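Spelled out, the chains give:
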Amino acid sequence: MTLTARTNTQDEDSDLQDLLQEEEEDKGTTSAGTDAPTSTRRSTNDGQNKTVDKRPVKYSDYYNNFNKSSSSSDCSVLLRIPELICFYFTYFLLRNPFLGKIAVLSLLAFLVSALLNLSTSSSQSIGVIKYDFSSIQSQYDFDIGKVDHWCIKGGDNCACPDPLSPVSRPHRAWIKAVERHKEMMEDVPDPDVVFLGQSLVEVLNGRINGSDKSSVEYFGKVKNYFESHFGGTGQGVDSDVKAIAMGLTGDSTSNVLWRLLHGELPDDFDPPIWWLVLGMEDLGRYGCSEEITVMGVLRIVEEIKTKRPNAKIVVNSLLPMIKMRMSAADNEKEFVDAERDHGKGPHPRGQKKGHGGKDALRNTQKHDNGPKHIRRMLKDQKDGAGDDDGGGFNGHISGENAVSIAKIKEEKKKEKLVKKYEKEVQKDKFNPQLKDVKTFKKKGRHFENRIPMWSAVHEINKELHKFCKRTPHVTFFDTTSIFTTEGSGGGKILLTDMISPRGHPTVKGFKAWMDVMQKQVGEWKKKMEHAEEMHKGDPSSWTMGNWSYYNNRDDDAINFYPTDEHDHEE
């Protein structure tokens, strides 16, 4: 008991001495007027004294203590960098409340948008045809109800028309162009071949939507090449071949079907060869699915077969492309991506951006159709037009001016779309790889037209080839190897000095294409003339366009370039 009491008394005396020492140190620090850090020594239960630091705790102290206790390796330092960034970012937001609110709201908006995209995103198959075209023998064998999906993006929400129903386009220029085709047939009643199709065929005449654009270098050169190859002058690659081109920019296969039913397939017009260049607009402009595109092309084939059973029908393959076309364009500006000869961007060599040039398709005549023009029109209406009572301007616009204003607004809208299209053209890559994929992701509300078009083109060409292979007097003409080359790692590379990513051939590409077409038509013409000589004894049963006298089964999938995989498919 005495020893225990003595020990307790010693502990109390030691604690009292420590307290007195702390008070003396505090007084000394205050009187010195310094900010020196204070520390105390306390005895622990094991009799050892421990120094206690009473300075305010700061983040730098914490960081220094951590570095002292942790290893000095570079890895540990790098791990602390994100923590420092978060600390200083939080410090900045606390010092700037307004910017902090903006940052928080922006972060929340980003998270909500990301969640919406994740919730609405889905995968869409492409390059897949489920419809069975093997049973097609006539125009009555098509069943539109069995189509898997209507649009290339999936679903049925697109501008794609019904491929089995003939549809006209209610535009004055379009109607005039159709009438001009009838005049062409009267001027050249006995051509060796008729090219029937859409925008690419119309460019052969140096025209766009019925308007003559041959003064523009791009269209003028293509027209000159066509006339030298198919004008019956003996120029070009092979023999004297006469042809006419009946195509209109922006036509779908349903528009071409209407044209055939309304004057472009008259009874007294019977050329031996019909060369079809179809499907590019349906797929690239209107967003039709692979099945709808194939159905539209075959509907045209069946129509010509029915009316001209002895004619030879050539189905040109869809030209390679990897991007959608400009849906709003019905003029020469759609071909701005094909005016280059060097394969990079829309501006030819030696021509600076925005400085025009002979073949700068965008340098068209400017019209005074801006907002100032609209305001001036309204002012003239206000100053010169009054109501029936002579009370001056009544707040209404006359019908003529209202139509003019609506037209101007529509033109301004098109101009914005054209500018957007030209910006996209500027991003075109040089000789991109053609990727054949089977699915692509639709990115919710922000889904853009970044559809892998080559997969669809490739599958459509394979299906058309299968049809031609089993159908008499119908030949598939594969042009893929004109505009592509084999890649180092397999697959194909698009030659952008020959064709644009949207399937618009350059002048060089058009010439190469016409070279092989004229050569093939010339060979067929010689064989037909030889067959005519062989059947002189029975002229009543022979016509120049009767291909039943000539076995053309070996002409299927004609290809003048390196062997394409279409030739190996049965």
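Values in this document were obtained by computation on a predicted structure and should not be read as measured data.

Draft legend 1. A look at the confidence of the model for the protein chain. When pLDDT is averaged along the protein chain, the result is 75; 65% of the residues meet or exceed 70. Here strand 1 (residues 39–43) stands out as the least confident element of the protein chain, with mean pLDDT 50; strand 8 (residues 273–277) is the most confident, with 97. Segment residues 1–7 is flagged for pLDDT under 50; beyond a separation of four residues in sequence, or across chains, it makes 0 contacts in the model. pLDDT under 50 marks residues 385–395. Its contacts with residues more than four places away, or in other chains, come to 9 contacts.

Draft legend 2. Layout of a positive patch on the surface. Residues Lys-416, Lys-419, Lys-423 and Lys-427 make up a contiguous surface patch of positive charge. As for its position among the elements, Lys-419 is in helix 12 (residues 399–426). On the basis of relative accessibility, which here comes to 55%, the residue Lys-419 falls in the exposed class.

Draft legend 3. Examining the pattern of salt bridges more closely. This model, assessed by the stated rule, comprises 22 salt bridges. Note that Lys-242 and Asp-190 form a salt bridge whose closest N and O atoms lie 3.1 Å from each other. In this pair, Lys-242 is assigned in the loop between helix 7 (217–230) and strand 7 (243–247) and Asp-190 in the loop between helix 5 (172–187) and strand 4 (193–197), connecting sequence segments 52 residues apart. Linking Arg-285 and Glu-334 is a salt bridge whose minimum nitrogen-to-oxygen distance equals 2.5 Å. Taken together, the residues Arg-285 in the loop between helix 9 (280–284) and helix 10 (290–307) and Glu-334 in the loop between strand 9 (312–316) and helix 11 (371–384) connect sequence positions 49 residues apart. Residues Arg-285 and Glu-334 agree in their burial class; the two are buried.

Draft legend 4. The sheet that holds strand 7, seen in detail. Reading across from one edge, 7-4-8-9-12 is the order of the 5 strands in this open sheet, with parallel pairing throughout. Both edges of this open sheet fall to strand 7 and strand 12 (474–477), since each of them pairs with a single strand only. Strand-to-strand twist of the sheet, defined as the mean angle between neighbouring strand axes without regard to direction, takes the value 20°. Bridge analysis of strand 4 against strand 7 gives 5 bridges, and the strand direction is parallel. The residue of strand 7 that forms the bridge with Phe-195 is Ala-245. Packed on one face of the sheet, helix 7 meets strand 4 and strand 7 and runs near 140° to strand 7.

Draft legend 5. Spatial organisation of the nonpolar core. Among the nonpolar cores identified, the biggest contains 93 residues, and Phe-195, Trp-274, Trp-275 and Trp-513 are the most heavily contacted of them. Setting aside residues no more than four positions away along its own chain, Trp-513 makes contact with Leu-200, Val-277, Asn-316, Leu-319, Thr-479, Ile-482 and Phe-483.

Draft legend 6. Local environment of unusual backbone geometry. Even without being a glycine, Asn-209 presents a positive backbone phi close to 55°. Structurally, Asn-209 is set in the loop between strand 5 (207–208) and strand 6 (211–212). Using a relative accessible area of 11% as the deciding quantity, one classes Asn-209 as buried. Although it is not a glycine, Asn-431 adopts a positive phi angle of roughly 50°. You can see Asn-431 is positioned in the loop between helix 12 and strand 10 (433–434).

Draft legend 7. Up close: the pairing of strand 8. Counting buried residues in strand 8 gives 5 out of 5 residues, a clear majority hidden from the surface. Here strand 8 shows two buried faces, one formed by Ile-273, Trp-275 and Val-277 and the other by Trp-274 and Leu-276. With 5 bridges joining them, strand 4 and strand 8 adopt parallel strand pairing. Looking across to strand 8, one finds that Val-193 is bridged to Ile-273.

Draft legend 8. Representation of the pairing of strand 7 within the structure. With 5 of 5 residues buried, strand 7 is to be regarded as a mostly interior element. The two faces of strand 7 match: Ala-243, Ala-245 and Gly-247 on one face and Ile-244 and Met-246 on the other face are all buried.

Draft legend 9. Layout of the side chain of Ser-289. Among the structural elements, Ser-289 can be located in the loop between helix 9 and helix 10. Note on Ser-289: relative accessible area 1%, which makes it buried. Of note is the side chain of Ser-289, whose polar atom sits 2.7 Å from the backbone oxygen of His-149. Leave out the neighbours within four places in its chain, and Ser-289 touches His-149, Trp-150, Cys-151 and Ile-152.

Draft legend 10. Here's a closer look at the state of the cysteines. Throughout the structure, instances matching the rule amount to 2 disulfides. One disulfide bridge connects Cys-151 with Cys-158, the sulfur atoms lying 2.0 Å from each other. Judged by the sign of its S-S torsion, about -85°, the cystine formed by Cys-151 and Cys-158 is left-handed. With a relative accessible area of 1%, Cys-151 lands in the buried category. Disulfide partner of Cys-160: Cys-288, at an S-S distance of 2.0 Å. Its torsion about the S-S bond being 105°, the disulfide of Cys-160 and Cys-288 is classed as right-handed. Separated by 128 residues along the polypeptide, Cys-160 in the loop between strand 3 (122–125) and helix 5 and Cys-288 in the loop between helix 9 and helix 10 bring together distant segments of the chain. By the burial criterion, Cys-160 is buried, and Cys-288 matches it. Ordinal numbering of bonded cysteines along the protein chain defines a disulfide pattern of 1-2, 3-4.

Calculation criteria
- Residues numbered from 1 in each chain as written.
- Predicted model: local features only at pLDDT ≥ 70, side-chain atom pairs only at ≥ 80, totals over all residues.
- Heavy atoms only, no water.
- pLDDT = per-residue confidence, 0-100.
- Helix = DSSP H or I, 4+ residues; strand = E, 2+ residues; numbered from the N terminus.
- Contact = heavy atoms within 4.5 Å.
- Patch = residues over 30% accessible without salt bridge, like charges linked within 9 Å, V, L, I, M, F, W, Y side chains within 5 Å.
- Areas by Shrake-Rupley, 256 points an atom, 1.4 Å probe, with all protein chains shown as cover.
- Salt bridge = Lys/Arg side-chain N within 4 Å of Asp/Glu carboxyl O.
- Lys, Arg positive; Asp, Glu negative; His and termini not counted.
- Charge placed at Lys NZ, Arg CZ, Asp CG, Glu CD.
- Buried < 20%, exposed > 50% of the residue type's maximum accessible area, 1.4 Å probe, protein only.
- Pairing = 2+ DSSP bridges.
- Axes fitted to C-alpha atoms, helices over the stretch in contact; angles between N-to-C directions.
- Core = buried A, V, L, I, M, F, W, Y, C linked by side-chain atoms within 4.5 Å.
- Polar contact = N/O pair within 3.5 Å; in protein donor to acceptor, adjacent residues only side chain to side chain.
- Disulfide = S-S within 2.5 Å.

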